[in-house]
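# Architecture at a glance
One letter stands for each residue in the lines below.
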Amino acid sequence: MLEHFSEKLTLSPQGIWKPNANMEDISYPQDGHESRASLEEKSFWFNHRNSCIQEVIKQYPPNGVLFDIGGGNGYVSLGLQKIGIDTVLVEPGATGAYNAKRRGIQHVVCSSFQKAEFQPKSLPAVGVFDVVEHIENDSAFLVSLSKKLIRNGRIYITVPAFDFLWSAKDIHEGHFRRYTINKIKQILTNSGFQIEYANYLFHFLVPPIFLLKAIPFKLGLTKSHDTKKGQQEHKPVQGMTKLIINFISNREINKIKKLKPIKYGSSIIVVAKITASKKGII
């Protein structure tokens, strides 16, 4: 199946596609995939993000296979498979790739996007979900993606929002920046994309992130991210707290279903597409 998209990938005995070239380093904590694998399915954050991504993709479906670039343990890919989206996970971390295969992702590529060497103008759609902020030269990365997409091919992106929410967690996660909707839209437009949809997510998390993470970091009270404490934040909630979070989350998802704008949030989701060749881009 993947031979059509790249001649530089070989299927391993484990059923995972790998590049012939050596891998390069990525800006991501070494224990990131392992620590998240046990949290994702029970975490309201990962589940709500999945729900938002799926609703947006239903509104703007891919014209063929969707390549989930930097897809980690495959939690987003698994959700997309369940709603009938043909998905290929592309993950440079061996731990994430093997976790994804064990989860039941049919097509897994253990490689960076660059080393996979996909054919120009061959990919129907790509997803980069909380990935672009890990790339030092985000513009060059997005240009490289645009060169691989077919005409009218779509890109789906989520990124963290607002510089005033920057904290020790961003440093620990290997982030280079946070974004506003206007900033990510401008970068995408300059990279050869036409914006179709852009909205904020997790509006209800802005106050707690600002008060509990950003302000203490700015005041020098927290200089490093507490991984164990961060994992606690993803544990299942019960009782009244669960009811409140479900109510607020469902309201946000309903706004997305109706394509209504959300004025602010701790994350951003964008859909854009390639519509025509642009000199110097494609």
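These numbers were taken from a predicted model, which means no experiment stands behind them. (Residues numbered from 1 in each chain as written. Predicted model: local features only at pLDDT ≥ 70, side-chain atom pairs only at ≥ 80, totals over all residues. Heavy atoms only, no water.)

## Focus: the overall build of the chain
- A tally of helices and strands in the chain yields 11 helices and nine strands.
- The globule rule puts the C-alpha radius of gyration for 282 residues at 19 Å, and the 18 Å found for the chain is close to it.
- With the principal axes as the frame, the chain shows a C-alpha extent of 50 × 40 × 35 Å.
- Taken across its 282 residues, the chain has 53% of its residues classed as buried.
- Across the chain, every contact between residues at least 6 apart in sequence was considered, and the portion connecting residues at least 24 apart equals 75%.
- Total accessible area computed for the chain in this model is approximately 13,600 Å², and 53% of it derives from carbon and sulfur atoms.
- Of the charged side chains in the chain, 37 are positive and 24 negative; the average position of the first set lies 7 Å away from that of the second. (Helix = DSSP H or I, 4+ residues; strand = E, 2+ residues; numbered from the N terminus. Rg over C-alpha atoms; globule rule 2.2 N^0.38 Å. Buried < 20%, exposed > 50% of the residue type's maximum accessible area, 1.4 Å probe, protein only. Contact = heavy atoms within 4.5 Å. Areas by Shrake-Rupley, 256 points an atom, 1.4 Å probe, with all protein chains shown as cover. Lys, Arg positive; Asp, Glu negative; His and termini not counted. Charge placed at Lys NZ, Arg CZ, Asp CG, Glu CD.)

## What about a nonpolar patch on the surface?
- Among the surface-exposed residues, Phe164, Phe210, Leu211 and Leu212 lie close enough to one another that they form a single nonpolar patch of about 390 Å² accessible area.
- Examined against the element boundaries, Leu212 turns out to sit in helix H9 (residues 206-218). (Patch = residues over 30% accessible without salt bridge, like charges linked within 9 Å, V, L, I, M, F, W, Y side chains within 5 Å. Salt bridge = Lys/Arg side-chain N within 4 Å of Asp/Glu carboxyl O.)

## Examining the side chain of Thr158
- Turning to its location among the elements, Thr158 is positioned in strand S7 (residues 149-160).
- In this structure Thr158 comes out as buried when scored by relative accessible area, which is 1%.
- Those residues in contact with Thr158 that sit more than four places away from it in its chain are Arg49, Ile53, Val128, Phe129, Asp130, Val131, Glu133, Ile268 and Ile269.

## Here we look at the environment of Glu233
- If you trace the backbone, Glu233 turns up in the loop between helix H10 (227-232) and helix H11 (239-257).
- Along the primary structure Glu233 and Trp45 are separated by 188 residues, whereas in three dimensions their C-alpha atoms are 9.1 Å apart.
- Setting aside chain neighbours within four positions, we find Glu233 in contact with Phe44 and Lys213.

## With respect to the side chain of Glu40
- Within the fold, Glu40 resides in the loop between helix H1 (32-37) and helix H2 (44-59).
- A polar contact of 2.6 Å, which involves the side chain of Glu40, links it to the side chain of Arg103.
- Leave out the neighbours within four places in its chain, and Glu40 touches Phe46, Asn47, Asn73, Tyr75 and Arg103. (Polar contact = N/O pair within 3.5 Å; in protein donor to acceptor, adjacent residues only side chain to side chain.)

## Points about the packing of aromatic side chains
- The final tally for this structure, using the stated rule, is 12 aromatic pairs.
- Aromatic side chains Phe113 and Phe141 sit 6.3 Å apart centroid to centroid with 80° between the ring planes, which places their arrangement in the edge-to-face category. With a gap of 28 residues between them, Phe113 in helix H5 (residues 113-116) and Phe141 in helix H6 (residues 138-148) connect regions that are remote in the sequence.
- Classification of Phe113 by relative accessible area gives buried; the value is 6%.
- The class of Phe141 is buried, set by a relative accessible area of 5%.
- Judged by centre distance (5.6 Å) and plane angle (80°), the rings of Phe164 and Phe210 are edge-to-face. One end of the pair, Phe164, is in the loop between S7 and helix H7 (168-173); the other, Phe210, is in helix H9, with 46 residues separating them in the sequence. (Phe/Tyr/Trp six-rings, centres within 6.5 Å; stacked < 30°, edge-to-face > 60°.)

## Here we look at the packing of H2 against H11
- Between H2 and H11, the shortest axis-to-axis distance is 9 Å and the interhelical angle comes to 15°. Taken together, the axis directions place H2 and H11 in an arrangement best described as roughly parallel. Judged by the sense of rotation from one axis to the other, the crossing of H2 with H11 is right-handed. Contact with H2, carried on its side by Phe44, His48, Ser51, Cys52, Glu55, Val56 and Gln59, involves Ile245, Ser249, Glu252, Ile253, Ile256 and Lys257 of H11 and no other residues of that element. (Axes fitted to C-alpha atoms, helices over the stretch in contact; angles between N-to-C directions. Parallel < 35°, antiparallel > 145°, perpendicular 65-115°, else oblique. Left-handed = near helix turned anticlockwise from the far one by under 90°.)

## Quick look at the confidence of the model for the chain
- Averaged over every residue, the pLDDT of the chain is 90; the share at 70 or more is 90%.
- Overall, residues 278-282 carries pLDDT values under 50, and its contacts beyond four positions in sequence, including any with other chains, amount to 14 contacts. (pLDDT = per-residue confidence, 0-100.)

## Focus on H11
- In this model H11 runs 27 Å from its N-terminal to its C-terminal C-alpha over 19 residues, within 8% of the 27 Å that 1.5 Å per residue would give.
- Of all the positions in H11, only Ile245, Ser249, Glu252, Ile253 and Ile256 are classed as buried. Across the axial projection of H11, the buried residues extend over an arc of 100°, all falling on one side. Seen from the buried face of H11, the exposed residues on the opposite side, beyond 90 degrees, are Met240, Leu243, Phe247 and Arg251. (Expected span 1.5 Å × (residues − 1). Arc of directions from axis to C-beta.)

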